Amino acid sequence: MSGQAKPHKKYYFEDFVPGDVWEAEGPLVTKEEIIDFASRFDPQYFHVDEAAAKGSTYGGLIASGWHTVSLCMRMMCDRYLLEVESLGSPGVDHVRWLQPVRPGDRLRMKMTVLEAKISRTKPDRGSILHRWEVYNQRGELVMTMDGYGIVGRRPHAAPP
Amino acid sequence: MTAIKLYWVDFVPGWEYLSPPRSLNAQEITSFAREYDPQAYHTDEEAAKATPFGGLIASGWQTCGVAMRLMCDGYLLETSCIGSPGLDELRWFKPVRPGDALRLRSTVLEQAPSQKDAARGTVKFRWDVLNQKDEVVCRMVGRQHYRRRSPAQ
């Protein structure tokens, strides 16, 4: 709205420098949550039916890959994104689901800034490319992804 | 488990599926976002008005979830699919707003037998999510593994 000052955020485009690493811890993944998410969005039997999943190639219930991604999105929001002048994301590349996520797993994320480019057409913002690496409690890499985010540049009035 | 109708061999390049429409209401959008993506333009109808999106929009991950569900309900649960190694790319082209009628269009791009396991193969798909104006709101290019009907097929 014009004439109304926008509240300042903690982080702007300038706060993401290639090589920077952010780490985040996730909650315990429960069987109930795996089944609940998959019942809504991905009801393949190895995500929703514990007994049938035992006979699958995974040998037991596993989380939908979309559930894993969504849990990571939440970790990213809690770690910094809600305090970032975030203007959305055009997309992600190279999503790899490398290991199944099972009930009782606890996920951990490492986000590395790969690229930070000021927009050519809109100089008040820039694009950040970051790599997500998601590990389980045994240190196994369960997922990787390269994500783009559009982030506003720090306004002159905002404290650094 | 339901009977399997489609195996790896059936997903020939050019195979296409178009789903019936499904929409998300404001409550479904905010409830997903409060759990997994609590940015203001996904959780707060009022605050969303002041953002560049001008109103509430669905988390991109919820759009992917809807696409996955349309795929499951459309055909996937009656296939020999055993999972996905990942996506090459995923793009969110347009915001998804409450009431938008989303359809999934699956198109087979490539079909390759497994090098390691004669009993399975991989299919590369393009998955487009269309809205009621026929705009592609989201596009994914990714792979799924399927069991083969028999090693010869």
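Scroll up to find the structure this text is about.
Now for a description of the structure that goes with this document. (Residues numbered from 1 in each chain as written. Chains lettered and ligands numbered in written order. Predicted model: local features only at pLDDT ≥ 70, side-chain atom pairs only at ≥ 80, totals over all residues. Heavy atoms only, no water.)

**Here's the deal with the overall build of chain B**
For chain B, the count of helices and strands is 4 helices and 6 strands. Shown N-terminal to C-terminal, the secondary structure of chain B runs as helices and strands in the order β-β-α-α-α-α-β-β-β-β. Looking at the 153 residues of chain B, the share that counts as buried comes to 49%. In chain B, once contacts between residues fewer than 6 apart in sequence are set aside, the share between residues at least 24 apart is 70%. Averaging the coordinates of the 20 positive side-chain charges in chain B and doing the same for the 18 negative ones gives two points 6 Å apart. (Helix = DSSP H or I, 4+ residues; strand = E, 2+ residues; numbered from the N terminus. Buried < 20%, exposed > 50% of the residue type's maximum accessible area, 1.4 Å probe, protein only. Contact = heavy atoms within 4.5 Å. Lys, Arg positive; Asp, Glu negative; His and termini not counted. Charge placed at Lys NZ, Arg CZ, Asp CG, Glu CD.)

**Re the environment of Leu 141 of chain A**
Residues and elements named next belong to chain A. Tracing the chain through its elements places Leu 141 in strand S5 (residues 141-152). Under the relative-accessibility criterion, Leu 141 is labelled partly exposed at 28%. Remark: the alpha-carbon pair of Leu 141 and Leu 107, spanning 34 residues in sequence, is separated by 9.7 Å. Non-local contacts of Leu 141, meaning those with residues more than four positions away in its chain, are made with Leu 98, Gln 99, Glu 133, Val 134 and Tyr 135.

**Here's the deal with the state of the cysteines**
Residue and element names in this part refer to chain B. Taken as a whole and assessed by the stated rule, the structure comprises 0 disulfides over all chains. Of all cysteine sulfurs in the structure, the one in Cys 138 sits closest to Cys 64, which takes part in no disulfide; the separation is 4.5 Å. Assessed through its relative accessible area of 0%, Cys 64 is described here as buried. (Disulfide = S-S within 2.5 Å.)

**What to know about the side chain of Arg 91 of chain B**
Looking at the secondary structure, you find Arg 91 of chain B in strand S3 (residues 81-92). Polar side-chain contacts of Arg 91 of chain B include one of 3.1 Å to the backbone oxygen of Val 92 of chain A. For Arg 91 of chain B, the residues in contact, after removing those within four places along its chain, are Pro 90, Gly 91, Val 92, Asp 93 and Tyr 148 of chain A together with Val 137, Cys 138 and Arg 139 of chain B. (Polar contact = N/O pair within 3.5 Å; in protein donor to acceptor, adjacent residues only side chain to side chain.)

**Topic: the interface of chain A and chain B**
Taken together, the 37 residues of chain A in the interface contact 35 residues of chain B. Taking both partners together, chain A and chain B bury about 3,200 Å²; carbon and sulfur atoms supply 60% of that area. As a salt-bridge pair, Asp 93 of chain A and Arg 91 of chain B come within 3.0 Å of each other at their nearest N and O atoms. Where chain A touches chain B, the interface holds 21 residue pairs in polar contact (both at pLDDT 80 or more). At the level of elements, helix H1 (31-41), helix H2 (45-48), helix H4 (65-79), strand S2 (91-97) and S5 of chain A are the ones that each hand at least two residues to the side of chain A that touches chain B. No other element matches the 8 residues that H4 of chain A contributes to the side of chain A that touches chain B. Taken together, the residues of the side of chain A that touches chain B sort by class into 21 nonpolar, 10 polar and 6 charged. (Buried area = accessible area lost by both parts, 1.4 Å probe. Salt bridge = Lys/Arg side-chain N within 4 Å of Asp/Glu carboxyl O. Nonpolar A, V, L, I, M, F, W, Y, C, P; charged D, E, K, R; others polar.)

**Remarks on the pattern of salt bridges**
Applying the stated criterion across every chain, the model contains 28 salt bridges over all chains. For Arg 96 of chain A, the salt bridge goes to Asp 88 of chain B, with nearest N and O atoms at 3.4 Å. Pair noted here: Arg 96 of chain A is in strand S2 and Asp 88 of chain B is in strand S3, and the two residues belong to different chains. Residue Arg 96 of chain A is classed as partly exposed on the basis of its relative accessible area, which comes to 29%. Across the pair Glu 135 of chain B and Lys 94 of chain B runs a salt bridge whose closest N-O atoms are separated by 4.0 Å. Note that Glu 135 of chain B is positioned in the loop between strand S5 (120-130) and strand S6 (136-147) and Lys 94 of chain B in the loop between S3 and strand S4 (101-113), a separation of 41 residues in sequence. By relative accessible area, which is 25% here, Glu 135 of chain B ends up partly exposed. One connected set of salt bridges, linked through shared partners, spans Arg 96 of chain A together with Asp 88, Glu 110, Lys 124 and Arg 143 of chain B.

**Examining H1 of chain A**
Because the α-helix completes a turn every 3.6 residues, residues three or four places apart line up on one side. Taken as a whole, H1 of chain A has its buried residues at Ile 34, Phe 37, Ala 38 and Phe 41 of chain A. Down the axis of H1 of chain A, the buried set is contained in an arc of 95°. They therefore lie on one face. In this structure, the buried residues of H1 of chain A make contact with H2 and H4 of chain A together with helix H1 (26-36) and helix H4 (60-74) of chain B. (Arc of directions from axis to C-beta.)

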